[in-house]
Amino acid sequence: MLQDFRVRQRDFLLEISRAITAQLELSEVLRRVLNASVVMLGGQLGLIALRDSSGTYRIRATLGIMSERVPELGEQLNALLEQEKLDYESFHDQLTRMGIGLDRRMRQSFALPLIIAEEPLGFLVAFRATRGTATQDDIQILQSFADQAAIAVHNAQLYERINVERQQLAAILQHSADGVMILDDEFRIASFNRALERMTGWLAEDAIGKPVAEVLTWKRLEKGDLEQAIVGGWPLAQDTSMSGEPLYVEGDLLRRDGMTQSLAIIYAPLFHADGRLRTIIANVRDITNFRQAQEMQNVFISTISHELKTPVALIKGHAATLRRDDVEFPPEFVREYSGVIEEESDRLTELIENLLTASRIQADRNLKLNKDDVMLEALAKRVIERFSTQTQKHRFVLRFAPGLSPVPGDEVRLRQVLDNLVSNAIKYSPEGGTVEIGAHDDGTQVVAYVRDEGVGLSSADQSRIFERFYRVDGALSRKTQGTGLGLYLSRAIIEAHGGRMWVESAPGNGSTFYFSLPL
Ligand code: ADP
């Protein structure tokens, strides 16, 4: 009989440890532990209560107890455990009374704490209908059941925490604006996030499992080269840490759809403790904007220096000629040369004015306006007066609706807009023709325009000419001076007034630039 009992004890222990190692669900492990413990004790009822993060005990497994009794039992158990200065005797008395409350035949109770690293995780409670003393052996066996249960609970909690963290990490990776990719120890793609799908044109499901060199093919490498680095022995484990020297690669990627995409990638290797490569985490950044900014800077410096040099050279040349004391110049010659100096100085001033405005707009999008009532027609007249001295080929026409309302605006800024538009109308109609300026109002806004009979604009160029530094790539604009700032500034000024600026044009058929100003 005793022999039989010992064998059963061993069987139970085996069953419980198997349940734990088979990574069964926590509730199943708890059920088996409880079952074994109650049977071992010759009991009839039992429960396991676990402490949650707030310190409250919750009943997670029961044996022989009707489910509708569980909430009330949980409250009783918490009330019991909250009592201060609870001695062993009265604890067991009260526990036994709980058992009797469930089934009048109950006579005795057992409570085993589930503890891991001195942390109380919960309790295993068993009730039985007979009274007797449990032997030292019984207690030991039961405690080993409880220890097993504690391990299972602890594992389950760790597993849950890891799972939550893994989910969080996966969400961060998936939704990161940067591309993130994980490579295995043979440089094959193990993970590929959404940002990377966007940057490379590859779907994660197609990319995963492929060697990285097959997915990331470069049209042009600017810095670093993964394949060469690998040939050269990269990555090497550093002695003291599990990580190694990262590799930086930058260039233009050939996307799967044949387009190109500027990318910068940092490959960071991770190693096993013995120095073998474990994985490589790659962080990929879209550097298109950075590249554009760099290019814009280059364009800016070259056009500005060109634009500054030309008038300065003309001014210097003409002034130097006039200064010669070995020649007596006739008065009309002096007048002509001084005229050139004056015009070129004006051009310099205008250029500097435009640059200042552009940098102010860059710094904060709000352009400060000194508003007043502006009579557009009078303003246009003054602009034309200035330009008509500079060209013989162009005819200027004003077509303003009679009684046009004055517009609330900044006169200096609006003059800058008209100057730019008329100057362009002249520059981009090298054969000459009519330049017409006009406006009408509809009670809510004034719409003004500058029309020329020049080279016109393709629709592709029409959509880009208002960008900063954009100049149409053609023989004419290469010959004519300009910075590509005029229209950018003009539109910014009009938008600061609450208006809009747009263009209607066709190649070879002239252009009309419109702007509206709210009344
Ligand atoms: P810029 O004239 O200094 O080059 P803008 O910003 O004033 O700079 O104009 C940008 C580009 O738009 C010009 O380089 C030119 O190619 C085109 N453009 C502007 N105005 C006209 C026009 N009236 N007719 C044809 N093309 C124009």
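Residues numbered from 1 in each chain as written. Predicted model: local features only at pLDDT ≥ 70, side-chain atom pairs only at ≥ 80, totals over all residues. Heavy atoms only, no water.

A. Up close: the overall build of the chain. In terms of regular secondary structure, the chain is built from 16 helices and 17 strands. By the compact-globule yardstick of 24 Å for 519 residues, the chain is too spread out, its C-alpha radius of gyration being 43 Å. The C-alpha extent of the chain, read off along each of the three principal axes, is 140 × 65 × 45 Å. Of all 519 residues assigned to the chain, the portion counted as buried reaches 40%. Of the contacts made within the chain by residues no fewer than 6 positions apart, 59% connect residues no fewer than 24 positions apart. Accessible area for the chain stands at about 29700 Å²; split by element, carbon and sulfur atoms hold 52% of it. (Helix = DSSP H or I, 4+ residues; strand = E, 2+ residues; numbered from the N terminus. Rg over C-alpha atoms; globule rule 2.2 N^0.38 Å. Buried < 20%, exposed > 50% of the residue type's maximum accessible area, 1.4 Å probe, protein only. Contact = heavy atoms within 4.5 Å. Areas by Shrake-Rupley, 256 points an atom, 1.4 Å probe, with all protein chains shown as cover.)

B. Structural detail: the sheet that holds strand E7 (residues 217-223). Pairing is antiparallel in the open sheet, where 6 strands are placed in the order E6-E5-E10-E9-E8-E7. The sheet terminates laterally at strand E6 (189-192) and E7, the two strands that pair on one side only. Direction aside, neighbouring strands of the sheet carry axes that sit 30° apart on average. Relative to strand E10 (residues 277-286), strand E5 (residues 179-183) runs antiparallel, the two sharing 5 bridges. By the bridge assignment, Leu183 is partnered in E10 with Ile280. (Pairing = 2+ DSSP bridges. Axes fitted to C-alpha atoms, helices over the stretch in contact; angles between N-to-C directions.)

C. Focus on a nonpolar patch on the surface. Taken together, the side chains of Leu308, Ile352 and Leu356 present a nonpolar region at the surface, about 230 Å² in accessible area. Looking at the secondary structure, you find Ile352 in helix H11 (residues 331-363). (Patch = residues over 30% accessible without salt bridge, like charges linked within 9 Å, V, L, I, M, F, W, Y side chains within 5 Å. Salt bridge = Lys/Arg side-chain N within 4 Å of Asp/Glu carboxyl O.)

D. Focus on the packing of H11 against helix H13 (residues 411-427). Viewed as axis vectors pointing N to C, H11 and H13 meet at an angle of 115°, and their least axial separation amounts to 12 Å. Crossing of H11 over H13 shows left-handed handedness. Counted together, Glu353, Asn354, Thr357 and Arg360 of H11 and Arg413, Gln416 and Asn420 of H13 form the full contact between these two elements. Classifying every residue of the contact of H11 with H13 by side-chain character gives no nonpolar, 4 polar and 3 charged. (Left-handed = near helix turned anticlockwise from the far one by under 90°. Nonpolar A, V, L, I, M, F, W, Y, C, P; charged D, E, K, R; others polar.)

E. Structural detail: the site of the ligand. Taken together, the neighbourhood of the ligand is formed by 19 residues, with Asn424, Asp452, Arg471, Thr483 and Leu487 sitting nearest. Separating an oxygen atom of the ligand from a side-chain N or O atom of Asn424 is a distance of 2.8 Å. The contact in question runs from an oxygen atom of the ligand to an N or O atom on the side chain of Tyr428, over 2.9 Å. When the free accessible area of the ligand is taken as 530 Å², the share hidden by the protein chains comes to 97%. Among the secondary structure elements, those contributing two or more residues to the shell around the ligand are H13, helix H16 (486-496) and strand E17 (511-518). (Near = heavy atom within 4 Å. Polar contact = N/O pair within 3.5 Å; in protein donor to acceptor, adjacent residues only side chain to side chain.)

F. Examining the nonpolar core more closely. Counting 46 residues, the largest nonpolar core has Leu376 and Phe515 as its most contacted members. At 7 residues, the largest contribution of residues to this core is made by H13. Each of two domains, domain 3 (292-364) and domain 4 (372-518), supplies a minimum of three residues to this core. With residues near it in sequence (within four places) discarded, Phe515 still touches Val417, Leu418, Leu421, Val446, Val447, Ala448, Ile494, Arg500, Met501 and Trp502. In this structure, Phe110, Ile116, Ala146 and Ala149 belong to the second largest nonpolar core, which totals 31 residues. (Core = buried A, V, L, I, M, F, W, Y, C linked by side-chain atoms within 4.5 Å. Domains from an automatic or database assignment.)

G. Layout of the domain arrangement of the chain. What the domain assignment reports for the chain is domain 1 (2-170), domain 2 (179-286), domain 3 (292-364) and domain 4 (372-518). The straight-line distance from the C-alpha centre of domain 1 to that of domain 3 is 92 Å.

H. A look at the environment of Thr391. For Thr391, the position within the fold is in the loop between helix H12 (376-388) and strand E12 (394-400). Along the backbone, Thr391 and Gly432 are 41 residues apart, and their C-alpha atoms lie at a distance of 8.7 Å. If we skip the residues at most four places from it in the chain, Thr391 touches Phe396 and Ile426. A polar contact is formed between the side chain of Thr391 and the backbone nitrogen of Lys393, at a distance of 3.2 Å. Engagement of the side chain of Thr391 in a polar contact is seen with the side chain of His394, the distance being 2.8 Å.

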